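Observations on the three-dimensional arrangement
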Amino acid sequence: MIKRRPNYLAGFGSLVWLFLVGLPLYVMLTATFQSRSGYAENGPLALPDSFTLDNYLKNLDNTESGFGQYFLNTLIVTVCVVGIVLLLVPPLSYAIVRSRSRLTNTVFRIFLLGLAIPSQAVIVPMFYVISKAGLYDNLVGVILPTAAFAMPVCALVLTGTMRDITPDLYEAMTVDGASPRRIFFRLVLPLSRGGMSTIVVFSALQAWNGFLFPLVLTQSAETKVITLGLYDFQTEHGVDTPGLFAAVVLSMLPILLVYLFARRALVQGLMGVGGK
Amino acid sequence: MTTTSLTPPATQRRQAASGGRPPGRSGTGTGASRPGSAWAAPAAVFFALFALVPLVLVAALSLSSWDGLSEPEFVGLDNWKKLLDDPVMLKSLWLSVLLTVLGVAIQTPLSILLGVWAAGHQRNRAVLSAIYFVPLLLSATAVSVLWRAVLDPNFGVPAQAAWLFGDGNLFGVQSSAIGVLVFVSAWQFTPLHTLIYQGAARAVPQVLYQAARIDGAGTVRQFFHITLPQLRNSIITSMILMVVGGLTTFETVLILTQGGPGTDTTISAFYMYQQAFKSFDYGTASAIGVLLVLVATFISLIMVRLSGYGKMRSTMEGL
C-alpha cells in the first residue's frame, strides 16, 4: 500500500452518518434504564438521572407480559426453519452443481426467479392454503412458508460455495469408486462449511425477524412471535416507551450474540444475498 | 467426464426423468459420481408447495370473490375492473413508485460512498463499520417501532427540537410522512448495501489504482474512473434489491404511518393488506398481489440477465 494523506471530507461524512445511526440507538438504550415518568419528563435526549432495570424485568415477568411465551415461539419457529433449510438445501445445491440433468437446471432457474417473489404478494393465497390445511393459528403454519421463502437465497449461497470445490477432488473420489451419496457426505459437506454457516445465519434471521406471515397466519397469544409482540406492545401501551424499548433490546439480543460470535458468517451471508 | 460429449442429449433427458440413475450405466463414467435430479426433488417439491402453489392461487383468487369464510366464487375480471376505477389503487401505485425511486436515489450514492470508504483497511474505519452494521441486526418491526417512538410528536425528539421539526408532528402531513418512511428505510437498509459495495470495492485490483497514481490521477478521479466503473455489477444488483424491497415495503408503513394521513402513504403492498385483512375483500387483494408479482418477476428477469446468473451453466461446462 502506498501511503496517502487522510481523507478529511470522508471522515466528516462518516461521522454525520455515525450520528444518524447512533441517535435512535442512544435514545433507546438510555430510555430502557429510566422509569416511565422519568423518560416523559427528561425527554429522549437527556442522560438518565436514575437507573432502573424494571423495564427489562417487567418484560421478562410472565405474569405481566407474554414475552417469555413469544420468545419461546420465535425460538421454535427459528429452530424448525433452520432445520428444514439444512435438510433440504444442501442436497439441492449438490444436485445443481454436479448433476448433468436439464431438470435440475430448470429447478435452479425456478429458485432464482423465486428470489424475487415478494412474500407480501402471496399472503392471501398463503392464508387460503394454510387455512385449508388446518394450520391456521398454528406455529407449523408459520414455519413452512417462512422456510420456503428462505430457500432461494440459501440455495444460491450454498451453490456458490459448492462450485468452488475443485473437480479434481470429485474425480479422485470417483476413481475410488465412491457413490454420489458418499461424495456428498465425505467431500461436499465438509468442504462447504462456510456456506452452511451462512445459510444457517440467514434463515435464522429470516425466521427470527419474520413479521408478515405470523401477522396473517396466527391470532392467539399462544402462537404469538416476538415481532408481533412488539407490534402489539406499540399499539396497546403507546405511552410506555421505556418498556417498549426494553422489549426491542431483548428481541435483538440473540442476533447480537450471533453478530459477536459468528460475525463472519453473518456478514458473508448478507453479502451473499447481494450476490456477485 | 470425457465421455460426456459422446452422450446424446436424449439419454440425458431420460436420465432426468428416471431420477438420474439409469440402471446398468454406473460404470460408464457419466453417472457414476454425479447425483441425479432426485437429489433436488425434496427441496423442489417443498418450494413448489409453499411458494409456487400460492403463486398460482393468487392469480386464480384475483378472478374470484372471496370473503375469507365461504368458498371463493369465480367472478371473472370484476376485481380487476374495480381496481382500474379505484383512485386509491392508482395513488398507491404512484406512491410505491415514488417511495422506491426516492429510496434508490438516496441509498445508492450514500451506500457507495460509505462502502468505498469502509473498504479501506484503516482501524477507525473498521470500528465505525461495525457500528454502522447495527441497524441490520434489528427486525423491520423493531426498526419501525423504534423510530415511531423516537419521532413521537409528544414524547420524542421532535418535541425537543422544535427549531428543526416545527410543530413536531411528522406524521400529520403527506410530505413529511413520506420523508419519514424514506429516511427510516434508508436507515435500515443502507448498511446492507454498504456491505455489498465494501466487498466489491475491496475486490478492485490494486494495480489499477497504482497505475492511475503513476499517471497523476487524484482521489476523486480515481473514484470516478476506476472505482465506479468497477462497481458496475454491484450497483445493478444493489439497485434491483432496492427496487424489489421498496415496492414491497410493508412493516414500515403499517407501524409508522398506517398509510396515513388519510391514504397519503398507502402504498400498494399496504393497500393489499388492508383490502384483504381489514376489508375482507380477498379477491381484490389478490389482484394487487398479482400486480406485485408481475413487477417483481420482471425485475428478477432483468437481474438474471444483467448479473449473469443464467450463464452459470456454461461456465461449468467441461468440468
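Residues numbered from 1 in each chain as written. Chains lettered and ligands numbered in written order. Predicted model: local features only at pLDDT ≥ 70, side-chain atom pairs only at ≥ 80, totals over all residues. Heavy atoms only, no water.

Before going further, it helps to examine the overall build of chain A. What chain A contains, in helices and strands, is 14 helices and zero strands. Counting from the amino terminus, chain A carries its helices and strands in the arrangement α-α-α-α-α-α-α-α-α-α-α-α-α-α. Residues classed as buried in chain A amount to 54% of the 276 residues present. Across chain A, contacts joining residues at least 24 apart in sequence account for 71% of those joining residues at least 6 apart. In the structure as shown, chain A presents an accessible area of about 12200 Å², 64% of it carried by carbon and sulfur atoms. (Helix = DSSP H or I, 4+ residues; strand = E, 2+ residues; numbered from the N terminus. Buried < 20%, exposed > 50% of the residue type's maximum accessible area, 1.4 Å probe, protein only. Contact = heavy atoms within 4.5 Å. Areas by Shrake-Rupley, 256 points an atom, 1.4 Å probe, with all protein chains shown as cover.)

To continue, consider the UniProt feature "transmembrane region" (unreviewed entry) in chain B. Residue and element names in this part refer to chain B. The positions UniProt marks with the feature "transmembrane region" (unreviewed entry) are residues 43-63, 93-118, 130-150, 170-189, 235-256 and 282-304. Counted over residues 170-189, helix gives 80% and strand 0%. Its end C-alpha atoms are 21 Å apart. Note that residues 235-256 is 86% helix and 0% strand, and that its end C-alpha atoms are spaced 29 Å apart. (UniProt positions renumbered as here; feature names shortened; annotations may be inferred.)

Our next topic: helix α10 (residues 193-209) of chain A. Compared with the 24 Å implied by 1.5 Å per residue over 17 residues, the 24 Å span of α10 of chain A between its first and last C-alpha is a close match. Residues of α10 of chain A that are buried: Gly195, Met196, Thr198, Ile199, Val201, Phe202, Ser203, Leu205, Ala207, Trp208 and Asn209 of chain A. (Expected span 1.5 Å × (residues − 1).)

This part is about the packing of helix α8 (residues 167-175) of chain A against helix α9 (residues 180-191) of chain A. Residue and element names in this part refer to chain A. Look at α8 against α9: their axes get within 11 Å of each other, and the N-to-C directions meet at 155 degrees. Classed by the angle they form, the pair α8 and α9 counts as roughly antiparallel. Along this stretch, α8 crosses α9, giving a crossing that reads as right-handed. Along its contact with α8, which presents Leu169, Tyr170, Met173 and Thr174, the element α9 presents Arg182, Ile183, Arg186, Leu187, Val188 and Leu191. A breakdown of the residues in the contact of α8 with α9 according to their chemical character gives seven nonpolar, one polar and two charged. (Axes fitted to C-alpha atoms, helices over the stretch in contact; angles between N-to-C directions. Parallel < 35°, antiparallel > 145°, perpendicular 65-115°, else oblique. Left-handed = near helix turned anticlockwise from the far one by under 90°. Nonpolar A, V, L, I, M, F, W, Y, C, P; charged D, E, K, R; others polar.)

What follows is about the pattern of salt bridges. Residue and element names in this part refer to chain B. Counted according to the given criterion, the structure contains five salt bridges over all chains. The closest approach of N and O atoms between aspartate 281 and lysine 82, which form a salt bridge, is 2.4 Å. Of this pair, aspartate 281 sits in the loop between α14 (268-277) and α15 (282-307) while lysine 82 sits in helix α3 (residues 78-84), placing them 199 residues apart in sequence. On the accessibility criterion, aspartate 281 (17% relative accessible area) is buried. Note on lysine 82: relative accessible area 44%, which makes it partly exposed. (Salt bridge = Lys/Arg side-chain N within 4 Å of Asp/Glu carboxyl O.)

Moving on, we come to the packing of aromatic side chains. In total, this model carries 29 aromatic pairs over all chains according to the counting rule given. Note on phenylalanine 33 of chain A and tyrosine 56 of chain A: the rings are 5.7 Å apart at their centroids and 45 degrees apart in plane angle, and the pair reads as tilted. Highlighted residues: phenylalanine 33 of chain A in the loop between α1 (8-32) and α2 (36-42) and tyrosine 56 of chain A in helix α3 (residues 54-60), separated in sequence by 23 residues. Relative to tyrosine 282 of chain B, the ring of phenylalanine 277 of chain B lies with its centre 5.5 Å away and its plane at 90 degrees, an arrangement referred to as edge-to-face. Each member of the pair phenylalanine 277 of chain B and tyrosine 282 of chain B is classed as buried. (Phe/Tyr/Trp six-rings, centres within 6.5 Å; stacked < 30°, edge-to-face > 60°.)

Here we come to the environment of valine 182 of chain B. All names here are of chain B. Along the chain, valine 182 falls in helix α9 (residues 174-202). By relative accessible area, which is 8% here, valine 182 ends up buried. The spatial distance from the C-alpha of valine 182 to the C-alpha of leucine 102 is 6.8 Å, given a sequence separation of 80 residues.

What follows deals with the packing of helix α13 (residues 241-261) of chain A against helix α6 (residues 140-150) of chain B. Contact geometry of α13 of chain A with α6 of chain B gives a least axis separation of 10 Å together with a crossing angle of 155 degrees. Here α6 of chain B runs roughly antiparallel to α13 of chain A, going by the angle between their axes. When you trace α13 of chain A past α6 of chain B, the crossing you get is left-handed. Here Thr241, Leu244, Phe245 and Val248 of chain A of α13 of chain A come into contact with α6 of chain B, specifically with Ala142, Val145, Leu146, Ala149 and Val150 of chain B. Considering only residue class, the contact of α13 of chain A with α6 of chain B consists of eight nonpolar, one polar and no charged.

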